[in-house]
Amino acid sequence: MTTYFRFNLIETDKDDNKFVDCAIAANASFIVSEDSHFRILKDIPFPQVNVIRLSQFMHLLNGNNIYKLDNEYNHTVNETNVEYYTPDKYHTRQI
């Protein structure tokens, strides 16, 4: 694979940037990680890369299919809630 651009958003552990760059290039909904170096991404408005913890991801997978892992939805994930928009409705779910 040829790399055309590197964002270098994580300065504290430059080796983590390959995962961020891959997520951006793939238009991923989020990165699942427990690595504290990824927390800086919350403070960077562009490109937006959402990071969730493994427990949050497991909750999404085991949930009642309210949250769909699909790039067509705009969403926000924080430590307590998942918020997302479908074309006709706003949704929120406590984690």
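Scoring rules and cut-offs
For every chain, the first residue of the written sequence is number 1, and numbering continues from 1 along that sequence. Note on the predicted model: pLDDT of at least 70 is required for a residue's local features to be given, and 80 or more for side-chain atom pairs to be given and counted; whole-chain, interface and lining totals, by contrast, use all residues. For the side-chain quantities, the full set of heavy atoms in the structure was used; hydrogens and water were omitted. A run of H or I in DSSP counts as a helix once it spans at least four residues, and a run of E counts as a strand once it spans at least two, with each numbered from the N terminus. The classification of residues rests on relative accessible area computed with a 1.4 Å probe and restricted to protein chains. Under 20% of the type maximum is buried, over 50% is exposed, and intermediate values are partly exposed. Two residues form a contact once any of their heavy atoms are found within 4.5 Å. Whenever a nitrogen or oxygen atom comes within 3.5 Å of another N or O atom, the pair is scored as a polar contact, on the condition that within protein one atom can donate a hydrogen and the other can accept it, and that pairs from neighbouring residues in sequence are kept only if both atoms are in side chains.

Visitor: So, the environment of glutamate 34: which residues are in play, and what are the values?
Guide: Of note, glutamate 34 is situated in the loop between β1 (31-32) and β2 (51-52). With relative accessibility at 54%, the residue glutamate 34 sits in the exposed group. Sequence spacing of glutamate 34 and leucine 54 is 20 residues, and the spatial spacing of their C-alpha atoms is 6.8 Å. Other than its neighbours up to four places away in sequence, glutamate 34 contacts Arg53, Leu54 and Ser55. Side-chain polar atoms of glutamate 34 contact the backbone nitrogen of leucine 54, separated by 2.8 Å.

Visitor: Which residues make up the environment of glutamine 56, and what are the values?
Guide: Tracing the backbone through its elements, the reader meets glutamine 56 in helix α2 (residues 54-62). Sequence-wise, glutamine 56 and valine 32 are 24 residues apart; in three dimensions their C-alpha atoms are separated by 8.6 Å. Within the local environment of glutamine 56, its side chain forms a polar contact with the backbone nitrogen of arginine 53, the two atoms lying 2.7 Å apart.

Any functional reading would require information beyond the geometric quantities listed.
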